[in-house]
Structures are given as C-alpha cells and as structure tokens.
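# Inside the fold
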Amino acid sequence: MTEQKYYTLGSSSLTVSRLAFGVMTFGSYEGVGTTDWGASEQESRRMFDAYLDWGGNFFDTAPSYTFGESEKILGKLIKASGSRDKVVVSTKFSHPAAGEGPNGGGACRSNVIRSVEHSLKRLDTDYIDLLFLHAWDRRTPAEELVISLNDLVRQGKVRYIGMSNVPAWYIARFQTLAELRGLEKLCAIQLEYSLVERELENEYTALCQETGMSLTAFGAVAAGFLTGKYKNVSKGDSLSSFEGRLASMKDVPAPQVQKFSERNWAIHDALQEVADELGKPMAQVAINWAANRPAVGSIICGASSLAQLEGNLQSLDFEIPTELMKRLTDASEVPLLEMALPYAVVTRQAMIHGMNAGLDIWEKPPGYYDSL
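In short, a report on the structure.

Rules behind the numbers
- Residues numbered from 1 in each chain as written.
- Predicted model: local features only at pLDDT ≥ 70, side-chain atom pairs only at ≥ 80, totals over all residues.
- Heavy atoms only, no water.
- Helix = DSSP H or I, 4+ residues; strand = E, 2+ residues; numbered from the N terminus.
- Expected span 1.5 Å × (residues − 1).
- Buried < 20%, exposed > 50% of the residue type's maximum accessible area, 1.4 Å probe, protein only.
- Contact = heavy atoms within 4.5 Å.
- Pairing = 2+ DSSP bridges.
- Axes fitted to C-alpha atoms, helices over the stretch in contact; angles between N-to-C directions.
- Core = buried A, V, L, I, M, F, W, Y, C linked by side-chain atoms within 4.5 Å.
- Salt bridge = Lys/Arg side-chain N within 4 Å of Asp/Glu carboxyl O.
- Parallel < 35°, antiparallel > 145°, perpendicular 65-115°, else oblique.
- Left-handed = near helix turned anticlockwise from the far one by under 90°.
- Nonpolar A, V, L, I, M, F, W, Y, C, P; charged D, E, K, R; others polar.
- Right-handed = clockwise from strand over helix to strand, strands pointing away.

This part takes up helix 2 (residues 69–81). Every α-helix carries 3.6 residues per turn, so stepping three or four residues along brings you back to the same face. Relative to the 18 Å expected for 13 residues at 1.5 Å per residue, helix 2 spans 18 Å between its end C-alpha atoms, a close match to the ideal helical length. The complete set of buried residues in helix 2 reads Ser70, Glu71, Ile73, Leu74, Gly75, Leu77 and Ile78. Buried residues in helix 2 make contact with helix 1 (41–54), strand 4 (58–60), strand 5 (88–93) and helix 3 (109–123). Residue Gly82 follows helix 2 closely and has a positive phi angle near 65°.

Laid out in structure tokens, this is it:
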C-alpha cells in the first residue's frame, strides 16, 4: 500500500484519513429486507484493527445504524484498543433519540441535546469529534441550530460540526450566520456521491469551496451496484445473479436503493471496461474516481467483512490515467444547471461584463491558490 495521506476538513484543522471507515455495518440488520448485511462483533473487531493498522483514523457512525449497536460496538473497540485520542469519531443526530412526541426527533434544540447525550453513553466517551445533522427536519430554523451546535462545542461535548442530507441553501444560511456572529462553522458536509449519483455537483461542490467545507462522501460504490456483484438481467444474465442488498430492497421507494436503471447500467459497463484495462476491481476504481473529485476531503467506505475492507483500503494505491478518468467522467455526466435559467445567464460572464466571448478572466492559472 502507498503511504497513508491525511486531509484537513475544510478550513478547520481537523485531520482525517482520505478513506474513512463507515461502521454502519457494525451489528445486525436482521429483519430489514431479506438480507442481514451487518457484521458480528467479532468481525467488526477484525475490521477495526485492520483499519487502524492501515493508518486510518476516521470512523463514521450514527445512532440509527443497527439500532444503536454500531455506536456501542465502536465505542467498545476504541476503549479496548486505547486509541480514543488517536481517532476521529463522527456521529449524527435527527432521528428520534428516545421517547415520543413532536420534539422527539429532528433538529430542535431538545432533540439535539438528547441525541448527543445518548451517543456519548453508547460510544462510552466524553466527546464527539465531528457531529453531523443527519437530515434536516424542514422546520428547525438555521438560527436555532447555529446556537444549539455552538453551545455543544463550547461545552466540550462536540469538537467540530457538519451536515448531511440538507439543502444547499440551508447550509449556506447556517454558515453565513455562524461566520457573521463569530460562532462555530461547519467544516464538512456528508452526501452520497458516486459515478451514478453526481447531481450534487450542481450546487454543493462550489458551496464547499466557497464556504470552507469538505465533502465527506458516502456511497462511492452505490450501495454495491458498482462492485460488479450485480448482473444486468435485461441482457440475459441469470436471475440467480441478481442478489444482494439492493435486490432484496428493490421494492423500497427510496433513491438510495433504486440503482437498476438503463443509465446506471451503462455507467456500470463503462466502469467495468476501465477497471479491466487497469487490472483493478471495479469497486476500487469507483472509490478512486470519487476520492479525486473537487471538494472531496474523505470517502466513507463501508464493509461487512475483513476482505471487503482490505479491498477498499487499496483504492488509492494507484492512479487512474487522465484519459481513463475522463472516460468515466464523460460516461456518467449529468445535465448541469448551468444550462438552465438563471444559471445560464450567470455563467456567461463575458457577455455580462462586455468582454470578448472568448475571454474569461475568472479562470485562475494552476497553482494560483497554492500556499507558499
């Protein structure tokens, strides 16, 4: 393996591995779908040790993962290894932490505080390195959340903050309010990003770059779709090969698990061709592509077995040649908003400023932003 490299998240000094270990699989999902794609505590320990040995330091979990078992197992493993001061633990809030009632979930102040307290107990720790809003409840004002999260940082229970699955305008409002008031700003956003899910490039890439955040992306292999384990039944492949978590959840009306489309199969085939030329597994090429996209600070890689994790950790051991990188990017291209109003007007800077159409003063030369 190549030498481990670390990135700081956004404009903060929080330093993390370029490949994070998403421990969503620590524990059991028995009863969810037709396949239990979790990992036993013994297998979780093997993966945990292997990730630390590799040089990884960034673990991502949430209260809802394996019904709270993910946080408990991770906390137990960290304590047993004596690695608490060496690792970065991120967890989340918004799903109901306890009890019922209108304030039992979401981003309201009572649920934020309650969720953090419960996570601290499950993780068996005094602080959370990075706390994400898991999903916006569409009712909590950014002003309220700014104060709630800032208080948790000042109390020492949380050290850095981020957001996941939140509209770009809400993140921008939060970040602006925090900056103007001198309060804790977001250092990361967590969104699904892969060759088959690139819509975030319309807004979130620029949002990260302009407001001092990094993208900690999950789903680089599209819930297993881009690993090569699934076969295109429409091309005559046997139905028996159409198995796994995505197949077991094919009737669930959620975009996270609805990957079997004509467009996605075309991307799948293009990825397979590039992977064959490189002599690398499809999953590693898919992760490598995502890790080297603009604004990406870390890729969250999940695994349910040691072999799967070890394969993922080799994803940055090689470089995808420019021509093959372009082939993947072109094959997965999505319509960008710059071709729709009002973006089409905004992007035509030359016309707006009365310059020749071929002149664009906004493009800085390579190295312009490099530090001395």
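Let us look at the environment of Leu328. Along the polypeptide, Leu328 turns up in helix 11 (residues 322–331). A residue is classified by how much of its surface remains accessible, and Leu328, at 2% relative accessible area, is buried. As for Leu328 and Glu273, which are separated by 55 residues in sequence, their C-alpha atoms are 9.7 Å apart.

Next up on the list: the sheet that holds strand 5. Strand order around the closed barrel formed by 8 strands is 3-4-5-6-7-8-9-10, with parallel pairing between neighbours. This sheet shows a mean twist of 30° between the axes of neighbouring strands, independent of strand direction.

With that settled, the discussion passes to the nonpolar core. Counting 97 residues, the largest nonpolar core has Leu145, Phe174 and Ile299 as the members making the most contacts within it. The element best represented in this core is helix 9 (residues 282–291), accounting for 7 residues. Excluding its chain neighbours within four sequence positions, the residues that come into contact with Phe174 are Ala142, Leu145, Val146, Leu149, Ile161, Met163, Glu184 and Leu186.

Moving on to the pattern of salt bridges. On inspection of all chains with the given rule, the structure shows 17 salt bridges. A salt bridge links Arg46 to Glu43, with the shortest nitrogen-to-oxygen separation between them at 2.8 Å. Taken together, the residues span about one helical turn, with Arg46 and Glu43 both in helix 1 at a distance of 3 residues. Among the residues examined, Arg46 registers a relative accessible area of 43% and is labelled partly exposed. Taking the shortest distance from any N to any O, the salt bridge between Arg327 and Glu277 comes out at 2.7 Å.

Our focus in this paragraph is the packing of helix 4 (residues 142–154) against helix 5 (residues 168–181). Where helix 4 contacts helix 5, the axes come no closer than 9 Å and their chain directions differ by 55°. One way to sum up the angle between helix 4 and helix 5 is to call them oblique. For the element pair helix 4 and helix 5, the recorded crossing hand is right-handed. Of the residues in helix 5, those touching helix 4 at Ala142, Glu143, Leu145, Val146, Ile147 and Leu149 are Tyr170, Arg173, Phe174, Leu177, Ala178 and Arg181. Of the residues belonging to the contact of helix 4 with helix 5, the class tally is 9 nonpolar, no polar and 3 charged.

Looking now at the pairing of strand 8 (residues 186–190). Among the 5 residues of strand 8, 5 are classified as buried, and the element is accordingly described as predominantly covered. Of the strand pairs in this sheet, strand 7 (residues 158–164) and strand 8 are connected by 4 bridges, and their pairing is parallel. Counted as the bridge partner of Ile161 is Leu186 from strand 8. Regarding topology, helix 5 serves as the crossover connection from strand 7 to the parallel strand 8, and that connection is right-handed. Taken together, strand 8, helix 6 (residues 204–211) and strand 9 (residues 214–218) form a β-α-β motif whose crossover is right-handed.

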